[in-house]
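# Overview (structure and organization)
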Amino acid sequence: MSGDAVTGTGTFTTPATSTTTLNGGTNTLGAGLAWDSFGLVNWTAGDFTLSDAGSVFTVEAGAPSIFNINTGLSSEDINGAGSFVNDGHKQ
């Protein structure tokens, strides 16, 4: 994703066999949407915005659930009113 938004209702699920890359711009998890990641997420650039209190990004327990932060800049943030839940592995 590069400056994109995941929108809609319900839960967006990343399977254990997949890799998602957040790589520039503002990547947004829409209002009221849950994102459950069982796979690998590489955050390489840009901001990650959790739109509102109902927006929840969860790194699920178990391999290979990894949220890899490799942005290189201190100005790139996870922001917004939502929640980031790390039940997996953040590096």
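This text goes with the structure placed above it.
Presented here is a report on the structure given in the accompanying data block. From a predicted model like this one, the values you see are computed outputs, not experimental measurements. (Residues numbered from 1 in each chain as written. Predicted model: local features only at pLDDT ≥ 70, side-chain atom pairs only at ≥ 80, totals over all residues. Heavy atoms only, no water.)

## Let's talk about the sheet that holds strand β9 (residues 83-86)
What holds strands together in a sheet is hydrogen bonding between their backbones, with the strands either parallel or antiparallel. Just so we agree on the cut-off: For two strands to pair, DSSP has to find at least two bridges joining them. By the criteria applied, helices consist of DSSP H or I runs no shorter than four residues and strands consist of E runs no shorter than two, each listed in order from the N terminus. Every axis corresponds to a line fitted to the C-alpha atoms, with the helix fit spanning only the stretch in contact, and the corresponding angles, defined between N-to-C directions, vary from 0 to 180 degrees.
Reading across the sheet, the four strands line up as β2-β4-β6-β9 and stay open at both edges, with parallel pairing between neighbours. Single-partner strands in this sheet number two, and they are β2 (11-14) and β9. With direction set aside, neighbouring strand axes in the sheet form an average angle of 10°. Relative to strand β6 (residues 56-59), strand β4 (residues 34-37) is paired through four bridges, and the arrangement is parallel. Across the sheet, the residue bridging to W35 is F57, located in β6.

## Here's the deal with the packing of aromatic side chains
Put simply, the test is: Any two rings among Phe, Tyr and Trp, with Trp reduced to its six-membered ring, count as a pair given centres within 6.5 Å; such a pair is stacked if its planes are under 30 degrees apart, edge-to-face if over 60, and tilted if neither. Remark: exposure states derive from per-residue accessible area (1.4 Å probe, protein chains only) relative to the maximum for the residue type, with buried under 20%, exposed over 50%, and partly exposed in between.
Under the definition given, this model contains nine aromatic pairs. With a centroid separation of 4.9 Å and 80° between ring planes, the pair formed by W35 and F57 is classed as edge-to-face. Residue W35 is located in strand β4, and its partner F57 is located in strand β6; the two are separated by 22 residues in the primary sequence. Judged by its relative accessible area of 1%, W35 falls in the buried class. Summarising the aromatic geometry, the rings of F57 and F67 are spaced 5.4 Å apart at their centres and angled 65° between planes, so their arrangement reads as edge-to-face. Remark: F67 occurs in strand β7 (residues 66-69) and F57 occurs in strand β6; sequence separation between them is 10 residues.

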